[in-house]
Amino acid sequence: MSQRPERRGIHVDQSELLCKKGCGYYGNAAWQGLCSKCWREEYQRARQRQIQEDWALAEKLQREEEAAYVSSHSSSQTQPPQSHSQPSLATFSKFEEKKTNEKTRKVTTVKKFFSPSSRTAPKKESHEGKTPSPSITRQSSIETDRASQDFMEFLKTLQKPGREIQKQSRAFIDSMGNKKDLGAEELSECVQDFYQGMSDRLLNHYKGSSEKVDRVMDQVEKYIMTRLYKSVFCPETSDDEKKDLATQRRIRALHWVTIQMLCVPVDEEIPEVSDSVVKAITDVIEMDSKRVPRDKLAFITSCSKHIFNAIRVTKNEPASADDFLPTLIYIVLKANPPRLQSNIQYITRFCNPSRLMTGEDGYYFTNLCCAVAFIEKLDAHSLNLSPEDFERYMSGQASPRRQDDPAAWLQSGSRFNPALSQIHQNLSVLSNLEKRQQQVIEGAQSLQTELAEWQDSVAHEVQEILERYPLEIKSRASAIDAENVENDRLPPPLQPQVFAG
Ligand SMILES: [Zn+2]
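Residues numbered from 1 in each chain as written. Predicted model: local features only at pLDDT ≥ 70, side-chain atom pairs only at ≥ 80, totals over all residues. Heavy atoms only, no water.

Student: Looking at this model, I keep getting lost on the overall build of the protein chain. Mind explaining?
Tutor: A tally of helices and strands in the protein chain yields 16 helices and 0 strands. In the protein chain, once contacts between residues fewer than 6 apart in sequence are set aside, the share between residues at least 24 apart is 74%. Accessible surface, the protein chain as shown: approximately 32,000 Å² in total, 53% of it carbon and sulfur. (Helix = DSSP H or I, 4+ residues; strand = E, 2+ residues; numbered from the N terminus. Contact = heavy atoms within 4.5 Å. Areas by Shrake-Rupley, 256 points an atom, 1.4 Å probe, with all protein chains shown as cover.)

And the structure:
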């Protein structure tokens, strides 16, 4: 295990995890390798440019349309020029009016993008077409109620600023209700602007104590995102769902990748290691069940710590970052976490950026993004395979495990993996049980036929006896001596005599 393999294909220089601008924060593929701060600067600049270009284009089109209108009218009409100029002017002024209308509308939308706390009256929209099942609604309303309650309790401890924070958070959530049609990036922009504004004010209030600010911001994030989760997680305007499916398919297609191919320094034969591996897998799957970005991050961090533990116990020395990434890839491949891309996108868009740019949460999250990027481009070289083998395994024509005797593989597999041997044990117990159940069923069936036969035979016997000894009941004569044959030889009956005296 410890021989230094020069065949290792998966390696990331730690500097590659950092923002490309060299600001020292963690970067992210979703932000084209920049950190959240630099990305927002870039994004806003690009957006501003886009808006200006849109305006220029719109104006150009309108000018062209206008010119076309004027020329078509002047060519088709043979009236004298002075009578013609009147309607033309009228249409032109109308045209201008329309243009300014459009402009102001655009300006307000632009303002909306950049000032999330805009005081637009909250429009109570009836729930969109899909109506979730009552139990889900109840569940989610319980969750949001609890989040609100926790938030209030927390704000009470802050006293005066607490009321202000609550007011602004409320107003922000209401304003987001009007922005359901915005794209995912714009929604993210709104939330990030809100975080930024809030933390700037808090920083001012707490006189630069970023620790206090972070504490408050965690609560603000929890409150806001619990409420917004349903409308902004994997929104229909994004292609998150498509990416989820693609990643899921990709991971399924890579099911044959072994721990050895990835050079993962983890020996699952050691119970503590296999325990950590199972916990890591559970954590990365559980991430999907949380609503608050920071809670999701906590699961990624917990997963990563289990991975570090598995490596440490296997190698009997502290794990290095070089060991961590391939192991994380292995865990992700084994877990195939639900909605992985949606979750990553959601965290990227709606987490408080300070948590992603620094600290252990940020570090582990960046590594997870990196692992997913690796899985997408995993090839023969990074798995130390020949391109032909890689193709055959990917297409399912061959499996690396079945190359030699399958029975031998099974055996070595169960020796190698305690979970596998447990499965074998369970299987044999099950087949034993099945056999016994079969026996019981057969016994019951034969007992049933026996019973039926016995019943038949008893009925038959009774019938036979009845036939052999029919029961005859003779009718009896009315006189007592009716059957007495020698009746007439009897002396005459005594006659009553009367004695005188
Ligand atoms: Zn940066």
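Next, the rest of the story.
Student: Looking at this structure, I do not really get the side chain of Ser 342. What am I missing?
Tutor: Its location among the elements puts Ser 342 in helix H11 (residues 340-350). Judged by its relative accessible area of 0%, Ser 342 falls in the buried class. Setting aside residues no more than four positions away along its own chain, Ser 342 makes contact with Phe 233, Cys 234, Asp 240, Glu 241 and Asp 244. (Buried < 20%, exposed > 50% of the residue type's maximum accessible area, 1.4 Å probe, protein only.)

Student: Would you take a moment to explain the packing of aromatic side chains for this structure?
Tutor: Centre-to-centre distance and the angle between the planes together describe a pair of aromatic rings. This model, assessed by the stated rule, comprises 14 aromatic pairs. Here Trp 256 and Tyr 393 contribute two aromatic rings whose centre-to-centre distance is 5.0 Å and whose plane-to-plane angle is 55°, an arrangement assigned as tilted. Placement of the pair is Trp 256 in the loop between helix H7 (240-253) and helix H8 (271-286) and Tyr 393 in helix H14 (residues 387-395), with a sequence separation of 137 residues. Both residues of the pair, Trp 256 and Tyr 393, belong to the buried class. Its guanidinium or amino end placed over the ring of Phe 374, Lys 377 lies 5.1 Å from that ring's centre, counting from NZ or CZ. (Phe/Tyr/Trp six-rings, centres within 6.5 Å; stacked < 30°, edge-to-face > 60°. Lys NZ or Arg CZ within 6 Å of the ring centre and 35° of its normal.)

Student: What is the right way to read the nonpolar core from this model?
Tutor: Looking at soluble globular proteins, one finds that nonpolar side chains tend to be buried together. Within the largest apolar cluster, 67 residues are counted, with the highest numbers of intra-cluster contacts made by Trp 256, Leu 262, Ile 329, Ile 331, Leu 333 and Leu 383. Within the residue set of this core, elements represented by two or more residues are helix H1 (36-76), H8, helix H9 (293-315), helix H10 (321-335), H11, helix H12 (353-357), helix H13 (359-377) and H14. Top contributing element to this core by residue count: H13, with 10 residues. Within the second largest apolar cluster, 30 residues are counted, among which are Met 176, Val 191, Phe 194 and Tyr 346. (Core = buried A, V, L, I, M, F, W, Y, C linked by side-chain atoms within 4.5 Å.)

Student: Whenever I open this one, the pattern of salt bridges confuses me. Can you help?
Tutor: Working definition: two side chains of opposite charge can pair if their charged atoms are close together. Taken as a whole and judged by the stated rule, the model has 24 salt bridges. Across the pair Asp 240 and Arg 349 runs a salt bridge whose closest N-O atoms are separated by 2.8 Å. Residue Asp 240 is found in helix H7, and its partner Arg 349 is found in helix H11; the two are separated by 109 residues along the sequence. Of the residues examined, Asp 240 reaches a relative accessible area of 1% and is grouped as buried. A salt bridge links Arg 392 to Asp 389, with the nearest nitrogen and oxygen atoms 2.7 Å apart. A residue pair is termed a helical-turn pair when its members lie 3 or 4 positions apart in one helix, as Arg 392 and Asp 389 do in helix H14 at 3 residues. Among the residues examined, Arg 392 registers a relative accessible area of 33% and is labelled partly exposed. The class for Asp 389 is partly exposed, based on a relative accessible area of 21%. Among the charged side chains, a salt-bridge network with shared partners connects Asp 218, Arg 294, Arg 355 and Asp 361. (Salt bridge = Lys/Arg side-chain N within 4 Å of Asp/Glu carboxyl O.)

Student: Help me understand the coordination of the zinc ion, please; the structure alone is not making it clear to me.
Tutor: In ideal tetrahedral geometry, four donors around a metal make angles of 109.5 degrees, whereas ideal octahedral geometry with six donors gives angles of 90 or 180 degrees. At 2.2 to 2.3 Å from the zinc ion lie its protein donor atoms, namely Cys 19 (SG), Cys 23 (SG), Cys 35 (SG) and Cys 38 (SG). Counting along the primary sequence, the residues that act as donors to the zinc ion give the motif C-x3-C-x11-C-x2-C. (Donors = N, O, S within 2.8 Å, 3.2 Å for Na, K, Ca; no water.)

By themselves, these figures tell us nothing about what the structure is for.
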